[in-house]
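# Breakdown of the fold
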Amino acid sequence: MSTATLHSAAGISFSERLPSRWIISRRQDLIWFIGSALISYCALGLMALGVGVALIQFIWFFGVDGPHVQSTITRTYFDKAERARLGWYLWIPVPLLLLGPAMVWAGLASLFFLFAVCWQQFHIVKQHFGFMMLYKAKNKDRDRKDFLLDRWLLLSSLLIPLGMFVLRTRPLLTQNVPLLAWLPTVALGLYAILAAAWLLRQTQKLRSGAPMNWPKLGLLITVIPLQWLALLNASHYGPDGILRAGIALGLFHSFQYHRLMWFHNRNRYTEPGALLRHGLAARLVSNVGVYIAIAIGLNLVLSFIPSALLPYQTAQAAVWGVAFTHYCMDARIWRVRSDKGLAAALRMT
């Protein structure tokens, strides 16, 4: 059957019948899911030029990162259907808010904040992995060899720099466990082999004319250097350097999240009958301006004001519980394979 016949029969061109290679669209994905990394690179550049970290941190925490944490509330606690599905899990903030203060009172404040930062970075890693899997699904990129290479390249590229940061800024770890001093050398050697294998695989596919998953490749090429640059640069500033890395990595992560959340909200909460099924969420967050205002307002009340008014270690540790709730909730609400409603809202079906 010719392309013209298809066009005549279906009313659309053959190319329009093919599944989208992008999550939203080529333009939107390149701007938000891949291109927003440029903001992170700019932040690193500004800090290197001597722009005050406190100013950049304020903009990041108040305007971008904090609201992205709170935006999860719009599709969990605000959503009648999600509340019924999550059940007892909605109470998870209680122990998470108490975890930090309990560790501070036990004299483990340093360990707690190290744990918090590592969990934050692992959460960012999981999001990038999730985006990669969405692009693999969109492009029917199902080769098992490619999956393993993509998976381990991404995870090692994001976690090895974090491990090196921890070892460089916590010398007591290597002093107490001498074998840890060899860990970066071994990890880098294995990483070099893995990276070479991944590059060889892409070269083979390109030369053979096999389909190339360009959105996935664009994401990997963007995020991997950012992770290495941000964390290795941060290690020169000691343990406090994690703030510099957190700002850079968090900016990219947050812009990605905001755009995906808005894409989801617009699709799910504007469908016929959405108000009856989802309640408050459909009434409030189907408008982008209202969504932004709610996310900023929740961040102001739940994180920013408590952090500003209670600059004590115990209070700061408690505020981390808000972020921990976001990490745990995200692990439950973004499971495309097991949630048909989510797959429909993300236009995966």
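Look up a bit, the structure's there.
Attention in this report is confined to the structure presented alongside it. (Residues numbered from 1 in each chain as written. Predicted model: local features only at pLDDT ≥ 70, side-chain atom pairs only at ≥ 80, totals over all residues. Heavy atoms only, no water.)

### Observations regarding the overall build of the protein
- If you tally the helices and strands in the protein, you get 18 helices and 0 strands.
- Relative to its length of 349 residues, the protein is compact, with a C-alpha radius of gyration of 22 Å against a globular reference of 20 Å.
- For the C-alpha atoms alone, the extent of the protein along its principal axes is close to 75 × 55 × 40 Å.
- Residue burial in the protein is summarised as follows: out of 349 residues, 48% are buried.
- For the protein, the proportion of contacts with a sequence separation of at least 24, taken over those separated by at least 6, is 76%. (Helix = DSSP H or I, 4+ residues; strand = E, 2+ residues; numbered from the N terminus. Rg over C-alpha atoms; globule rule 2.2 N^0.38 Å. Buried < 20%, exposed > 50% of the residue type's maximum accessible area, 1.4 Å probe, protein only. Contact = heavy atoms within 4.5 Å.)

### Let's talk about the packing of helix α8 (residues 109-138) against helix α13 (residues 242-269)
- The N-to-C vectors of α8 and α13 enclose an angle of 40°; their axes lie 10 Å apart at closest approach. The crossing of α8 and α13 is left-handed. Along its contact with α8, which presents Val-117, Gln-121, His-123, Ile-124, Gln-127, His-128 and Phe-131, the element α13 presents Ile-242, Gly-246, Leu-249, Gly-250, Phe-252, His-253, Gln-256, Tyr-257 and Leu-260.
- Its residues assigned to classes, the contact of α8 with α13 shows 8 nonpolar, 8 polar and no charged. (Axes fitted to C-alpha atoms, helices over the stretch in contact; angles between N-to-C directions. Left-handed = near helix turned anticlockwise from the far one by under 90°. Nonpolar A, V, L, I, M, F, W, Y, C, P; charged D, E, K, R; others polar.)

### Quick word on the packing of aromatic side chains
- Across all of its chains, the model carries 19 aromatic pairs by this definition.
- Through pairs of rings, three or more aromatic residues link up here, namely Phe-112, Phe-113, Phe-115, Trp-119, Trp-320, Phe-324 and Tyr-327.
- Residue placement shows Arg-244 over the ring face of Tyr-237; its charged tip is 3.9 Å from the ring centre.
- Across the ring face of Tyr-89, the terminal group of Arg-332 is positioned such that the distance to the ring centre comes to 4.1 Å. (Phe/Tyr/Trp six-rings, centres within 6.5 Å; stacked < 30°, edge-to-face > 60°. Lys NZ or Arg CZ within 6 Å of the ring centre and 35° of its normal.)

### Describing the environment of Gly-321
- Examined against the element boundaries, Gly-321 turns out to sit in helix α17 (residues 313-333).
- Among residues more than four places away in sequence, those in contact with Gly-321 are Leu-96 and Leu-97.

### So, unusual backbone geometry
- Even without a glycine there, the phi angle at Lys-140 is positive, about 50°.
- Here Lys-140 is to be found in the loop between α8 and α9 (144-169).

### As for the side chain of Asp-150
- By the secondary structure assignment, Asp-150 is in helix α9.
- Accessibility expressed as a relative area gives 0% for Asp-150, which makes it buried.
- For Asp-150, the side chain forms a polar contact with the side chain of Lys-216, separated by 2.6 Å.
- In this structure Asp-150 touches Met-132, Lys-136, Asp-141, Trp-198, Gln-202, Lys-216 and Leu-220, once residues within four positions along its chain are discounted. (Polar contact = N/O pair within 3.5 Å; in protein donor to acceptor, adjacent residues only side chain to side chain.)

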